[in-house]
Amino acid sequence: MSVPTISFPKGKLVTIGLTNTDVIHYQSTPEELVQDSLRLGEGELTDSGALAIRTGEFTGRSPQDKFTVKDETTENTVHWNNFNIPIEEKYFFIIKEQILAYLNQQPELWVRDCYACADPRYRLNIRVVTEKPWTNLFAYNMFLRPEEEELEDFEAEWTVLSAPGLHLDPAVCGTRQHNAAVVSFKHKTILIAGSGYTGETKKGIFSVLNYILPQEKGVLSMHCSANMDDKGDTAVFFGLSGTGKTTLSADPKRKLIGDDEHGWTADGVFNFEGGCYAKLINLSEEKEPEIFHAIRPGAIVENVTFYEGTNKINFDDASITENTRVSYPLDFISNAAEPSIGNVPRNIFFLTCDAYGVLPPISKLTKGQAMYQFISGYTAKVAGTEAGVTEPKPTFSACFGAPFLPLHPGKYAEMLGKKMEENQVNVWLINTGWTGGPYGVGHRMKLGYTRAMITAALEGKLDGVETVNDPIFGVAVPKEVPGVPTEVLTPRNTWSDGAAYDEKAKYLAGLFVKNFEKYASGVSEEIRNAGPKA
């Protein structure tokens, strides 16, 4: 059993409602948390020394079971929708009481004090109380870590209570089913019950910051990765899962600021987190060496399988879930920026994986087009491995992160547009998806070509290049890019059947227009007119 390296004032837990404080593991080291997990039979070590765990019933977030308490604080500020689902305050108290009663029955608990936001001006202190030692290790990896001398006077602004083993009664707790993640902005508490998926903790705090920073601090919160060169030239990459956000920001020639969550202030960008939470499916050392080598002691790998008779991870096996993951501290990446803060970005990249093979691989956007694409948040996911299923599935997620945005998407878009204008930022749309035809006919854009396009944009080599406007999407497509064959730049030229391309392009344009209808009344005419011509 691990012994806390730092004594913890038990009174601080009693004020939360935790009275069984006999065995509290406070600020346990990663090594201690790994040993606790192994002692309890909660995981095993991989051949590279990482801790492999199973998150149980839930191997991903459960968006329909994430609730925000609707009260006088949030009633008129939260954008209530399919992601921001209201729950009455009385149910928050019931669920909290049940979680506390459950945690008080546990033989031991793990407590961690940590914080979010690398820029000290916006630091958010967090106390995470967990039933499982590996959930606590996840918090160590993903949040920022206070120095030991800071802990004596540490005051938590937000509290996370995690009880994956507790099953709620929906009839009593006002929930959809036995699991729930509940955020109360009034009580500054996140309650997690019935789910062991660690990402609920990470995204819960992200949602909190997406509410607080834009409204109270004037900081644009972003679901993006960011990097910078040795001179401080900063770039930001927006994109949904599978578009290359983590891969493309991990550039050996540039320092990684962070891979998922950032804030944009008047004078720069900063990482919210202290770690990375990367997908593992089909990972290879050749394609993503930084992530591959981060799977070492202290890292947690989730829901992976091993090759039979070994403890070597089979990265290609999705039998448990496609959403296999690894979490590790940012300093596991060799070229991580320290501290994880950059300058005001000069270039923004919107990444989309267009499985229809229609969008140009690189194009430059006007301010109106940038706002339109930002609010749309488009990508298209391929249809997995089911036999006979080949049609891509279009996905539109406002601001490239709709499930985590408590405010109206127009608020974030307005802030982005203002910052673009003030700082004369270049915005590029990058299609990392298909070329030469849709999924099933064409092929995925070569990673080397995409990297060459992004490098050319970052180095200013596209500033004076002649462009042509796409006839349907209106975006400015460069006629040449160093290191990229000219024919690749115009998607219609890569298709063997031009008429088939035109038909598919009009189809995708129609999807954009239909999706944008729900936002049209809340945006300017400039943005409305920047959409594709269906």
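Per chain, residues are indexed from 1 in the order of the written sequence. Totals for whole chains, interfaces and linings use every residue, but because this is a predicted model, local features are given only for residues with pLDDT of at least 70 and side-chain atom pairs only at 80 or more, for both listing and counting. Processing note: side-chain calculations cover all non-hydrogen atoms of the structure and skip hydrogens and water entirely.

Undergrad: I would appreciate a short explanation of the pairing of strand β7 (residues 124-130) in the present structure.
TA: Buried residues are those whose accessible area, probed at 1.4 Å on protein chains only, stays under 20% of the maximum for their type, while exposed residues exceed 50% and partly exposed ones sit between those limits. Counting from the N terminus, the helices are the DSSP runs of H or I reaching at least four residues and the strands are the DSSP runs of E reaching at least two. Counting buried residues in β7 gives 7 out of 7 residues, a clear majority hidden from the surface. Residues Leu124, Ile126, Val128 and Thr130 of β7 are buried on one face, and the alternating residues Asn125, Arg127 and Val129, pointing to the opposite face, are buried as well. Only strands that DSSP links by at least two bridges are regarded as paired with each other. Direction of pairing for strand β6 (residues 109-116) relative to β7: antiparallel, over a ladder of 7 bridges. Bridging across to β7, Trp110 finds its partner in Thr130. Where β7 meets strand β8 (residues 158-163), 5 bridges bridge the pair, whose relative direction is parallel. Each residue of the ladder has a partner; that of Val128, found in β8, is Val160. When the strands point away from the viewer, a crossover counts as right-handed if the path from the first strand over the helix to the second runs clockwise. The parallel pair β7 and β8, bridged by helix α4 (residues 133-142), forms a crossover whose chirality is left-handed.

Undergrad: I tried to follow unusual backbone geometry on my own but got confused; where do I start?
TA: Most peptide bonds are trans, and most residues other than glycine sit at a negative phi. Residues Glu338 and Pro339 are joined by a peptide bond in cis, for which omega reads -5°. Counting through the fold element by element, Pro339 comes out in the loop between β18 (325-329) and β19 (341-342). In this model, Lys188 sits at a positive phi of 50°, which is unusual for a non-glycine residue. In this structure, Lys188 sits in the loop between β9 (180-184) and β10 (189-193).

Undergrad: In this structure, what is going on with the domain arrangement of the chain? I would like to understand it.
TA: Reports often express the size of an interface as the amount of accessible area lost when the parts come together. Residue ranges labeled as domains rest on an automatic or database domain assignment. For the chain, the assigned domains read domain 1 (10-43 + 59-217), domain 2 (276-332) and domain 3 (345-528). Listed as interface residues are 15 residues of domain 1 and, on the opposing side, 11 residues of domain 3. Summed over both partners, buried area is the accessible surface (1.4 Å probe) that two parts give up on being assembled. Across the domain 1/domain 3 interface, buried area totals approximately 1200 Å², and carbon plus sulfur atoms make up 67% of it. When a carboxyl oxygen of Asp or Glu lies within 4 Å of a side-chain nitrogen of Lys or Arg, that pair is called a salt bridge. Our enumeration of links across domain 1 and domain 3 arrives at 0 salt bridges. Pairs of N or O atoms are called polar contacts if they sit within 3.5 Å, as long as, within protein, a hydrogen donor faces a hydrogen acceptor (for residues adjacent in sequence, only side-chain-to-side-chain pairs). Here domain 1 and domain 3 share 5 residue pairs in polar contact (both at pLDDT 80 or more) between them. Of the residues forming the side of domain 1 that touches domain 3, the biggest block, 7 residues, is contributed by helix α6 (residues 199-217). Pairs of residues are marked as contacts when any of their non-hydrogen atoms sit within 4.5 Å.

Undergrad: Explain the state of the cysteines to me, please; I cannot follow it from the model alone.
TA: Note: disulfide means a covalent bond formed between the sulfur atoms of two cysteine side chains. Any cysteine sulfur atom paired with another within 2.5 Å is treated as part of a disulfide. This structure, assessed with the given rule, holds 0 disulfides. Summary of cysteine pairing: Cys224 is not part of a disulfide, and the nearest cysteine sulfur, belonging to Cys399, is at 12 Å.

Undergrad: Hey, could you run me through the pattern of salt bridges in this one?
TA: A side chain with one charge can pair with a side chain of the opposite charge if their charged atoms come near. In total, this model carries 21 salt bridges according to the counting rule given. A salt bridge links Asp119 to Arg121; the shortest N-O distance between them is 2.7 Å. In this structure Arg121 comes out as partly exposed when scored by relative accessible area, which is 48%. One salt bridge connects Glu273 with Lys202, and the closest N-O pair in it is separated by 2.7 Å. Of this pair, Glu273 sits in the loop between β15 (269-271) and β16 (275-279) while Lys202 sits in helix α6, and the two are 71 residues apart along the sequence.

Undergrad: What exactly am I supposed to notice about the packing of aromatic side chains here?
TA: Given two aromatic rings, their pairing is described by the distance between the two centres and the angle made by the two planes. Only Phe, Tyr and Trp rings take part, Trp by its six-membered ring, and two of them pair if their centres are within 6.5 Å. Stacked means planes under 30 degrees apart, edge-to-face means over 60, and tilted covers everything else. For the structure shown, the criterion picks out 28 aromatic pairs. Here Tyr122 and Phe270 contribute two aromatic rings whose centre-to-centre distance is 5.5 Å and whose plane-to-plane angle is 5°, an arrangement assigned as stacked. In this pair, Tyr122 sits in the loop between β6 and β7 while Phe270 sits in strand β15, placing the two residues 148 residues apart along the sequence. Looking at Tyr122, the relative accessible area reads 16%, which means it is buried. Accessibility expressed as a relative area gives 0% for Phe270, which makes it buried. Between Phe350 and Phe374, the aromatic rings sit 6.0 Å apart at their centres with planes inclined by 20°, giving stacked as the arrangement. Of this pair, Phe350 sits in strand β20 (residues 347-352) while Phe374 sits in helix α9 (residues 367-376), and the two are 24 residues apart along the sequence. Each member of the pair, Phe350 together with Phe374, is buried. Every member of this aromatic cluster is reached through a ring pair, and the members are Tyr372, Tyr378, Phe396, Phe473, Phe512, Phe516 and Tyr519. Whether a charge lies above a ring is judged from NZ of Lys or CZ of Arg, which has to be within 6 Å of the ring centre and within 35 degrees of the ring normal. Of note, Lys203 hangs over the ring of Phe404, and the distance from its end group to the ring centre comes to 4.4 Å.

Undergrad: Can you help me understand the sheet that holds strand β4 (residues 66-70) in this one?
TA: In sheet architecture, strand pairing relies on hydrogen bonds along the backbone and comes in two forms, parallel and antiparallel. What the 8 strands build is an open sheet, ordered β1-β6-β7-β8-β10-β9-β4-β5; its pairing is mixed. The open sheet is flanked by β1 (24-26) and β5 (85-88), the only strands paired with a single partner. Each strand of the sheet is rotated relative to its neighbour by a mean of 25°, with strand direction disregarded. Lines fitted to the C-alpha atoms define the axes, with helices restricted to the stretch that makes contact. Angles between their N-to-C directions range from 0 to 180 degrees. Taken strand by strand, helix α2 (residues 30-39) contacts β1 and β6, and its axis lies near 145° from that of β6. α4 contacts β6, β7 and β8 of the sheet and is inclined by roughly 15° relative to β6.

Undergrad: Can you help me understand the sheet that holds strand β2 (residues 44-45) in this one?
TA: Taken in spatial order, the 5 strands of this open sheet run β2-β3-β17-β18-β16, and their pairing is mixed. Of all strands in the sheet, those bounded by a partner on one side alone are β2 and β16. Bridge count for β16 against β18 is 5 bridges, and the pairing is antiparallel. Across the sheet, Cys276 pairs through a bridge with Tyr328, a residue of β18. Set on the sheet, α4 makes contact with β3 (51-53), β16, β17 (300-302) and β18; between it and β18 the angle comes to about 55°.

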